[in-house]
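Listed below, chain by chain, are the residues.
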Amino acid sequence: MKRLLEFAGALLVAVTLHLIGTRLVSEWPLILDLMLIVVLFAALDGNTLSGLAAGLAAGWATDAVAGTPFGLFGAIDTMIGYGAALAAQRVVIERAAGAALFFAAAALVQQGLFLGLSLVLLAAPETSAYRWLAVKVAATGVLGAILFHLRQRLANRLDLWRHTRRTKIRLDR
């Protein structure tokens, strides 16, 4: 239940930041996909069912804010979440550089799937300039690595605090 609430909160923050970013910068959806980052963090533990469900929920949220037809990102992010969870079962990511590669590769696969499914499903597919593809992959990798590093440091500090805290319980008679 705790993980579900964490995911829901992260998705809500991602959607809110996406809407704010789109208002401020018109190219925001071409630069960064925050919902994809939420999916990848949900899939990092290697649980394929949670990666699948996170991908579906975040993809539907992306479809809702982007207005893409057929639930296109719902299908794409579901595949990404499942594949990322499978990859996380087989590859141990301990450093920010590995996380950057993981996030960038997932963004590249997402854009490839988007282009492929758009060509198959849509009569007039939308294709953005290829420079935006490189920008999106790089931005997703960098932001994913930064957030991975921050999460790792926070977890280490919390663990240190748990082991070194002193209890203030006294039994006076």
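That block above? That's the structure.
This section reports on the structure supplied with the text. (Residues numbered from 1 in each chain as written. Predicted model: local features only at pLDDT ≥ 70, side-chain atom pairs only at ≥ 80, totals over all residues. Heavy atoms only, no water.)

Some details on helix 6 (residues 96-121)
Alright, step 1. Given a rise of 1.5 Å per residue, 26 residues ought to cover 38 Å, and the 37 Å separating the end C-alpha atoms of helix 6 matches this to within 8%.
Alright, step 2. Within helix 6 the residues assigned to the buried category are Ala99, Phe102, Phe103, Ala104, Ala106, Ala107, Gln110, Gln111, Phe114 and Ser118.
Alright, step 3. Buried-residue contacts for helix 6 involve helix 3 (34-43), helix 5 (72-90) and helix 7 (130-164). (Helix = DSSP H or I, 4+ residues; strand = E, 2+ residues; numbered from the N terminus. Expected span 1.5 Å × (residues − 1). Buried < 20%, exposed > 50% of the residue type's maximum accessible area, 1.4 Å probe, protein only. Contact = heavy atoms within 4.5 Å.)

With respect to helix 1 (residues 2-24)
Alright, step 1. In this model, helix 1 (23 residues) spans 33 Å end to end at C-alpha, consistent with the 33 Å of a helix rising 1.5 Å per residue.
Alright, step 2. Turning to helix 1, its buried residues are Phe7, Leu11, Ala14, Val15, His18 and Gly21.
Alright, step 3. As for helix 1, its buried residues are in contact with helix 2 (28-31), helix 3 and helix 4 (48-66).

Some words on the packing of helix 3 against helix 5
Alright, step 1. The geometry of helix 3 relative to helix 5 is characterised by a closest axis approach of 8 Å and an angle of 35° between their N-to-C directions. Considering only the axes of helix 3 and helix 5, their crossing is right-handed. Taking contact as the criterion, the partners of Leu36, Val39, Leu40 and Ala43 in helix 3 are, on helix 5, Asp77, Ile80, Gly81, Ala84, Ala85 and Ala88.
Alright, step 2. For the contact of helix 3 with helix 5, the per-class residue count stands at 8 nonpolar, 1 polar and 1 charged. (Axes fitted to C-alpha atoms, helices over the stretch in contact; angles between N-to-C directions. Left-handed = near helix turned anticlockwise from the far one by under 90°. Nonpolar A, V, L, I, M, F, W, Y, C, P; charged D, E, K, R; others polar.)

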